[in-house]
Amino acid sequence: MLRFAAALLIALPLASCAPMEAPGEDSGEAANQWVTVSGSIAYRERIALPPDAEIEVRVDDVSLADAPSKTIARQAFAADGQQVPIAFLIRFDRAAIEPLHSYAVAARIAGADGRLMFITDTRHSLTLGAAPEVDMGTLNLVKTR
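Computed from a prediction, not measured in an experiment: that's the story for all the values here.

### Regarding the overall build of the protein
Counting its secondary structure elements, the protein contains two helices and eight strands. For the protein, contacts bridging at least 24 residues in sequence account for 66% of all contacts bridging at least 6. As displayed, the protein offers around 9,800 Å² of accessible surface, 57% of which is attributable to carbon and sulfur atoms.

### Some thoughts on the pairing of strand E6 (residues 116-119)
Alignment of strand E5 (residues 103-110) against E6, held across three bridges, turns out to be antiparallel. The residue of E6 that forms the bridge with Arg108 is Ile119. With two bridges connecting them, E6 and strand E8 (residues 133-143) associate as antiparallel partners. Within E8, the residue paired with Ile119 across the bridge is Val142.

### Some thoughts on the side chain of Ser40
Following the sequence through the fold, Ser40 ends up in strand E1 (residues 34-43). According to the relative accessible area criterion, Ser40 is buried, its value standing at 13%. Apart from the residues within four sequence positions on either side, Ser40 is in contact with Pro85, Ile86, Ala87, Phe88, Gly137, Thr138 and Leu139.

### Things to note about the nonpolar core
Across soluble globular proteins, you tend to see nonpolar side chains buried next to one another. Judged by nonpolar contacts, the single largest core of 29 residues is most densely connected at Val37, Ile41, Leu49, Phe88, Phe92, Val105 and Ile109. Elements supplying a minimum of two residues to this core: E1, strand E2 (54-61), strand E3 (70-78), strand E4 (86-93), E5, E6 and E8. Discounting residues that sit within four places of it in the chain, Phe88 has contacts with Val37, Ser38, Gly39, Ser40, Ile41, Val57, Gln75, Val105, Met136 and Leu139.

### Things to note about unusual backbone geometry
Cis geometry marks the peptide bond from Val84 to Pro85; its omega dihedral reads 0°. Of note in the backbone geometry, Asp80 takes a positive phi value of approximately 50° without being a glycine. Looking at the element boundaries, Asp80 is found in the loop between E3 and E4. Given a relative accessible area of 63%, Asp80 falls into the exposed group.

### Here's the deal with the pattern of salt bridges
Scanning the model with the defined rule gives three salt bridges in all. Residues Glu56 and Arg74 are paired through a salt bridge, measuring 2.8 Å at the closest nitrogen-oxygen approach. Residue Glu56 is located in strand E2, and its partner Arg74 is located in strand E3; the two are separated by 18 residues in the primary sequence. A relative accessible area of 17% means that Glu56 is categorised as buried. Here Asp60 makes a salt bridge to Arg58, at a shortest N to O gap of 2.9 Å. Exposure class is identical for Asp60 and Arg58. Each is buried. Counted as one network, the salt bridges with shared partners bring together Glu56, Arg58, Asp60 and Arg74.

### Describing the side chain of Glu56
Of note is the side chain of Glu56, whose polar atom sits 2.8 Å from the side chain of Arg74. Among all residues touching Glu56, those that are not within four sequence positions of it are Arg74, Gln75, Ala76, Ala106, Ala107 and Arg108.

How each quantity is defined
Residues numbered from 1 in each chain as written. Predicted model: local features only at pLDDT ≥ 70, side-chain atom pairs only at ≥ 80, totals over all residues. Heavy atoms only, no water. Helix = DSSP H or I, 4+ residues; strand = E, 2+ residues; numbered from the N terminus. Contact = heavy atoms within 4.5 Å. Areas by Shrake-Rupley, 256 points an atom, 1.4 Å probe, with all protein chains shown as cover. Pairing = 2+ DSSP bridges. Buried < 20%, exposed > 50% of the residue type's maximum accessible area, 1.4 Å probe, protein only. Core = buried A, V, L, I, M, F, W, Y, C linked by side-chain atoms within 4.5 Å. Salt bridge = Lys/Arg side-chain N within 4 Å of Asp/Glu carboxyl O. Polar contact = N/O pair within 3.5 Å; in protein donor to acceptor, adjacent residues only side chain to side chain.

This is the structure:
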């Protein structure tokens with residue numbers, strides 16, 4: 001009985017150091033349910049953005065060639081005087097992703113009046129593996145007319 005009590009006294013402090021998990025939940029699975037897509041946007045023209053410019057970066061499902069893309073997640077914000085390159089960060093639930101679909105990241109900059117100034121004109125494919133973070137690097141936008 002004395003040995004059992006001694007073993008219990010040793011095991012209790014060690015058990016309190018173990019991470020707590022909900023029943024049936026795997027801690028690696030919970031951390032892996034979110035995807036973070038980051039990068040920056042820029043353009044080649046030597047033009048300053050107006051301080052009230054609006055920036056939008058989207059993750060789109062572009063699987064269907066004959067249908068409009070479906071936006072999975074987006075980040076929209078005012079430039080607030082920032083100049084390019086401007087960083088972006090989009091976070092979304094991995095459950096929104098279909099394994100056999102294709103995804104791309106698109107960006108645009110519009111003036112406060114809604115008039116489009118710059119937009120991505122090439123496809124920036126998003127490859128989603130098991131990693132929770134994807135760095136898209138710099139997305140180059142082109143000036144609209």
